[in-house]
Amino acid sequence: MSKWQFRMLIFISYLTWTISVILGLIGYIFHWFIFDLFDKNKNFKFQSKNENEDEHYAIIIGAGFSGLGMGIKFKEMNMHKFLILERHSHVGGTWYANRYPGCQVDVPSNLYSYSFEINPKWSHQYSRQNELWEYLEKCTDKYQLRSHIQFNTTVIQCDWLDDRQLWRVTTVDKKSYYARFLIGAYGILSNASYPKHIEGFESFQGEMCHTAEWNDKINFQGKRVAVIGTGSSAIQCIPQLHKHFGISHLYVFQRTPPWVIAIENRTITQFEKKLFTKFPLIQRFLRACLYWRLESTVLSFVYRLPLRFIAPKLVRAIFFYQVKDPILQKKLLPTSDYGCKRVILSSDWYSTLQQSNVTLVSNRIKQIESHSIVTYDGDEYPVDIIVWATGFRVHSLHIPMFGIQGQSLEKQWSQTVQAYRGVTVPQFPNMFLLLGPNTGLGHNSVLVMIEAQLKYILEALIYMQEKKIRAMVVKENVSDKFNEEIQSKLKKTVWQVGGCHSWYQDPKGNNTTIWPGFTWTYDLLLRKFDYQNYDVLSTIDQ
């Protein structure tokens, strides 16, 4: 690619971002005027009543961004009789559990926070795990949520009790908790996944750990280490292992090469931190600009406009500049469309793979031996430690749930995982999911989706209180129609036609993870509670 072509592509990219930002900022003004200025429920306060001592208003499962956000909104609206059950010893969810070297967010820090709790003191453009965890710890204390959280409490089953019209939540210590409403905020990036097709797990005599279950006690010094997987976790972890852990040799086992953008994680200057602290409106403006810039990606990923050819051309040009070896180029150049799998950010991935004590293995693993890994082409690689960077179990139900007349959610989702607007499920009254099916993102911050869902849930609860409704459930035909439309739209997106199979898809090829559109359309969709699409099961007077 010539220099003028490269510059032209960059110019078009910046022009697209600029137009998106300008139109988006104009849209913000209309959004504020139409929705926020005249929001009749913004000062609503829940009425506290003397109910049964053992009955909570709501039980929230999970103390990550979603669960804490729900708790904050409850307290803002004068609802204090709720309980947050968290299986770990601290808040943070995935940002407490995932502590592997190099763990960080791949969305700009300025966007990866609550809109009502902007942080002016991020240290880097893309926040590291410890900072995100500390941010959630501070939110927990600021909004006085700690007294509502029960730590080290693993939920093992949830049952809707038809006779009492409420939920019973059972924990691993056989205790039962009761609530009118159940909020599932346990997330999908929480349970480690191991490949089922590789034999010999139990025969390996060295040490093993998963990036989602990192073991700080393992000594990597002078060891031969294998990292299996080249997704986001692996690409963040591998350069750090190579630089700082004194490894003698590193084997990287790759199934399919990802798209990797070379972006330096810039340090935020002290001047910027002071500026954001003194003038928070400046930070909010920059946050809005970042948001609308990322939203423009939908034009490529979802609507498949010709703009989709620009980013991969730029990334390829930089790739060939960074990787000169033809054999390595062949192994590392993606064959699927840009965006089909999650695009990964790293400034040191390719340079690490070109080190003399690093070997990239692109042949499939056949089995694990006592001190080695064997691939299908017959090659054997001696290793002392195996690090599994093989993602999460995102398509299985981790907590057994039973709805009306004992209806099993696992059975209901046996064909495909789905929910109405990603929040409610037929046959499961008074249950709300946060970041449920098809509300994940491949282009922007999921905090936008979480806050839209929080608003929708609160609107539903306000409606139920005003109408004296005790229990209601989404209509099955409404949910089915919504999900048919979602899957129909997804069929035309890069995630389904881009030539890859990713963790966004279930084993049958259905995309049950990604929202196929702009996040602002989802926000508008959830602005008002659509009570007409729900059946009332009982009222408070009954």
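Residues numbered from 1 in each chain as written. Predicted model: local features only at pLDDT ≥ 70, side-chain atom pairs only at ≥ 80, totals over all residues. Heavy atoms only, no water.

### Examining unusual backbone geometry
Under the convention used in this document: Elements are defined by DSSP. Helices are runs of H or I of four residues or more, strands are runs of E of two residues or more, and each kind is numbered from the N terminus.
Positioned with a positive phi, Asn152 is a non-glycine residue whose angle comes to about 50°. If you trace the backbone, Asn152 turns up in the loop between β3 (149-150) and β4 (155-161). Located in the positive-phi region is Leu435, a residue other than glycine, with phi close to 55°. Along the chain, Leu435 falls in the loop between β18 (431-433) and α13 (446-466).

### Describing the sheet that holds strand β15 (residues 380-382)
Our working rule: Two strands pair if DSSP finds at least two bridges between them. Between N-to-C directions, angles cover 0 to 180 degrees, with each direction set by a line fitted to C-alpha atoms, over the stretch in contact for helices.
Taken in spatial order, the three strands of this open sheet run β13-β14-β15, and their pairing is antiparallel. With partners counted over all chains shown, the strands left at the sheet margins are β13 (365-368) and β15, one partner each. Recorded for the sheet is a direction-independent mean angle of 25° between the axes of neighbouring strands. Note that β13 and strand β14 (residues 372-375) share three bridges and pair antiparallel. Residue pairing across strands places Ile368 opposite Ile373, the latter belonging to β14.

### Some points on the packing of aromatic side chains
To keep it simple, the criterion reads: Between rings of Phe, Tyr and Trp, where Trp is taken as its six-membered ring, a pair exists when centres lie within 6.5 Å; planes separated by under 30 degrees are stacked, by over 60 edge-to-face, and by other angles tilted. Only protein chains enter the accessibility calculation, which uses a 1.4 Å probe; a residue whose area is less than 20% of its type maximum is buried, one above 50% is exposed, and one in between is partly exposed. Our definition puts a charge over a ring when NZ of Lys or CZ of Arg is within 6 Å of the ring centre and also within 35 degrees of the ring normal.
For the coordinates displayed, the defined rule picks out 38 aromatic pairs. For the pair Trp214 and Phe220, a centre-to-centre distance of 5.8 Å together with 5° between the ring planes defines the contact as stacked. With respect to class, Trp214 is no different from Phe220; both count as buried. Three or more aromatic residues joined by ring pairs form one cluster here, namely Phe65, Trp95, Tyr112, Tyr114, Phe116, Trp122, Tyr135 and Tyr143. The aromatic ring of Phe116 is capped on one face by Lys73, whose charged end is 4.2 Å from the ring centroid. Note that Arg99 overlies the ring of Tyr96, its terminal NZ or CZ placed 4.5 Å from the centroid.

### Looking at the environment of Gly406
Locating Gly406 in the fold gives a position in the loop between β17 (401-402) and α12 (409-412). Taking C-alpha positions, Gly406 is 8.9 Å from Asp162, a pair spaced 244 residues apart along the chain.

### As for the pairing of strand β1 (residues 55-61)
Put simply, the rule is: Here is how to tell: hold the view so the strands point away, follow the path from the first strand over the helix to the second, and if it runs clockwise the crossover is right-handed.
Across the seven residues that make up β1, a large majority, seven, are buried. The pairing of β1 with strand β6 (residues 176-184) spans six bridges and is classified as parallel. Bridge pairing in β6 places Ala58 opposite Phe181. Where β1 meets strand β2 (residues 82-85), four bridges bridge the pair, whose relative direction is parallel. Looking at the pairing, Ala58 lines up with Phe82 of β2. Each parallel crossover has a hand, and the one from β1 via helix α2 (residues 65-76) to β2 is right-handed.

### Things to note about the pattern of salt bridges
Two side chains carrying opposite charge are able to pair once their charged atoms lie near each other. The cut-off we apply is this: We define a salt bridge as a contact between a side-chain nitrogen of Lys or Arg and a carboxyl oxygen of Asp or Glu at a distance within 4 Å.
Counted according to the given criterion, the structure contains 14 salt bridges. Between Lys73 and Glu76 there is a salt bridge, with the nearest N and O atoms lying 3.3 Å from each other. Of this pair, Lys73 and Glu76 both sit in helix α2, three residues apart, which is roughly one turn of that helix. Among the residues examined, Lys73 registers a relative accessible area of 19% and is labelled buried. Glu76 gets classed as partly exposed once you look at its relative accessible area, which sits at 35%. Asp348 serves as the salt-bridge partner of Lys243, at 2.8 Å between the closest nitrogen and oxygen. Here Lys243, found in helix α5 (residues 232-244), pairs with Asp348, found in the loop between β11 (344-345) and α11 (349-353); they are 105 residues apart in sequence, far enough to count as distant. Overall, Lys243 belongs to the partly exposed group, its relative accessible area being 47%.

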